[in-house]
Structure formats: C-alpha cells, structure tokens
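# Survey of secondary and tertiary structure
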Amino acid sequence: MICTLCSTHQLDHGRLCPDCARTTLGRLAQLPRLWATLEAWLSPGTAGPAGPAQYGGRTRMAEAPMPLNQEVLDLRGPGGIIGVLEDWREAIHSERHLPVPARTGSLWYRLTRASAGLQDQVHFIVLWEQGGQLALEVRHLVDRVRAVVQPGRALDEPPEPTFLGYCIAVDEGGIICGRRLWADLRRTVQCGWCLCQYPPDTWLALRRFQPGNHPPPGEQPADGRAPGTAAA
Ligand SMILES: [Zn+2]
Ligand SMILES: [Zn+2]
C-alpha cells in the first residue's frame with residue numbers, strides 16, 4: 001500500500017503516511033481561518049482584489065485580478081467547506097457508531113466544530129480505508145481557497161505575499177501609522193512599526209478604511225482606531 005496523498009511513501013498499514021497525516025491535520029486546523037479570510041473576497045464592490053470601485057479610487061488592490069465571487073460564495077456556503085467537513089465527520093461517526101452531531105448553529109460554529117471533530121479523529125482517519133479520500137478532499141478545499149486568494153500559485157507552493165493595505169492605526173497625536181501590510185494566510189498580520197494586529201476577519205474593514213477611500217457614513221471608526229486589536 002502506498003500513501004494516498006503523496007503517492008510516495010510505502011505503508012505497512014493505513015492510507016496516509018505520517019507526513020501526510022500531519023499535513024492533513026494542519027489543513028483541517030487552517031480551514032476555519034481560510035473560510036474567514038474569504039469574506040474579504042466576497043464582494044467585488046467593497047473589498048477583495050478588485051478594489052473599491054464605487055469610491056472611484058484606484059487603490060493598490062486594483063492591480064490584483066478579479067475575484068471569483070461565485071467560487072467564494074460556494075466555498076463559504078453551507079455546502080462548501082462546512083458541508084464537506086460535516087459530511088466526513090458524519091461518515092466517521094456512523095462508521096464508528098458514535099452519535100452524529102446535528103448541523104445546527106451559525107456557519108462559523110458548525111465549521112469550527114466540524115474542523116475540531118475531524119482533527120480529533122486523525123488517528124482513525126490515517127487507518128480508515130476512506131481516509132485517503134478525506135485527505136484529498138481537504139487538500140482540494142485548501143487549494144480552492146488559495147486559487148481565489150493567491151491566484152496562479154501552484155498547489156503547495158508557499159503563498160506569495162499579497163499587499164493588504166496601509167496600517168490605519170492612529171497614535172495619540174493623531175498620526176496614522178501608514179506602514180505597508182502584507183497578507184499572510186498562515187497568521188495574523190502584524191504591523192512592523194506600531195505592532196497593531198490585523199486578524200483575517202479585520203481585513204475587510206482595513207481595506208474599507210484605506211487612505212483615499214471614503215467610507216459610507218456611520219462606518220468611520222468612532223475613535224479613529226484601527227479595527228485590529230489595540231496598538232502597542
Ligand atoms: Zn504521504
Ligand atoms: Zn502600524
């Protein structure tokens with residue numbers, strides 16, 4: 001038997017080699033954050049690489065290719081990343097005669113539960129006859145997200161940094177930090193000057209408040225602070 005995922009390592013038993021098991025575990029853990037990141041690519045009008053067209057401004061983000069909105073909607077919808085993970089969790093639970101968890105709650109709740117549930121089952125997955133297929137589908141989900149967020153990158157190539165915008169943190173004297181920020185899907189983006197942090201779920205707001213953009217009334221941060229966590 002050869003490892004289903006890498007087609008390289010010979011196995012005495014099971015479907016996945018230790019490396020591919022670790023990689024699959026990492027992808028499962030990463031998927032909720034990738035799902036959240038996709039929000040910034042959801043609407044071409046307000047965010048994502050298409051740039052804020054309705055502001056009439058030509059921002060740096062306008063250099064990036066057009067987003068694949070339908071693909072983003074599919075991935076973020078109940079039948080996308082969430083549905084695939086829940087289907088697999090359900091298959092494992094029925095295989096192991098465990099109670100099948102209900103698909104209730106918010107999408108985020110369902111996603112994080114399904115992701116955590118599958119991570120808990122990784123030792124079973126490695127040996128399970130369908131474990132290889134599960135790992136392939138999980139890899140495919142991550143690749144689909146990458147294709148939206150990092151178009152043109154090969155499968156497991158490290159992601160090329162994407163320009164996210166300028167740091168919008170304001171110091172006590174009212175000076176905007178303005179450091180260039182680069183998106184990194186693997187971790188929270190941190191400004192190298194003011195140390196302000198921008199988790200993926202704040203990227204949408206960060207883009208909206210870029211210099212030159214004119215946010216709709218009511219969306220201006222009340223105290224001029226960045227949507228990220230407090231500046232140092
Ligand atoms: Zn392998
Ligand atoms: Zn900063």
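To be clear, the structure that these remarks concern was listed above.
Residues numbered from 1 in each chain as written. Chains lettered and ligands numbered in written order. Predicted model: local features only at pLDDT ≥ 70, side-chain atom pairs only at ≥ 80, totals over all residues. Heavy atoms only, no water.

## Looking at the coordination of the zinc ion (ligand 1)
At the metal site, the zinc ion (ligand 1) is ligated by Cys-3 (SG), Cys-6 (SG), Cys-17 (SG) and Cys-20 (SG), and these contacts range over 2.2 to 2.3 Å. Note that the zinc ion (ligand 1) binds four donor atoms; their angles at the metal cover 102 to 118°, and the shape is tetrahedral. Counting along the primary sequence, the residues that act as donors to the zinc ion (ligand 1) give the motif C-x2-C-x10-C-x2-C. Of this pair, Cys-6 sits in the segment before helix H1 (18–37) while Cys-20 sits in helix H1; the two residues are 14 residues apart in sequence, bridging distant segments of the chain. What makes Cys-20 buried here is its relative accessible area of 8%. (Donors = N, O, S within 2.8 Å, 3.2 Å for Na, K, Ca; no water. Tetrahedral: all angles 85-135°; square planar, octahedral: opposite > 155°, others 65-115°. Helix = DSSP H or I, 4+ residues; strand = E, 2+ residues; numbered from the N terminus. Buried < 20%, exposed > 50% of the residue type's maximum accessible area, 1.4 Å probe, protein only.)

## A few points about the packing of H1 against helix H4 (residues 107–120)
Between H1 and H4, the least distance of the axes is 8 Å, while the angle of their chain directions is 170°. Relative to H4, the element H1 lies roughly antiparallel. Here H1 contributes Leu-25, Leu-28, Ala-29, Leu-31, Pro-32, Trp-35 and Ala-36 to the contact with H4, which in turn contributes Leu-107, Trp-108, Leu-111, Thr-112, Ser-115, Leu-118 and Gln-119. Looking at the contact of H1 with H4 residue by residue, the classes come out as eleven nonpolar, three polar and no charged. (Axes fitted to C-alpha atoms, helices over the stretch in contact; angles between N-to-C directions. Parallel < 35°, antiparallel > 145°, perpendicular 65-115°, else oblique. Contact = heavy atoms within 4.5 Å. Nonpolar A, V, L, I, M, F, W, Y, C, P; charged D, E, K, R; others polar.)

Any functional reading would require information beyond the geometric quantities listed.
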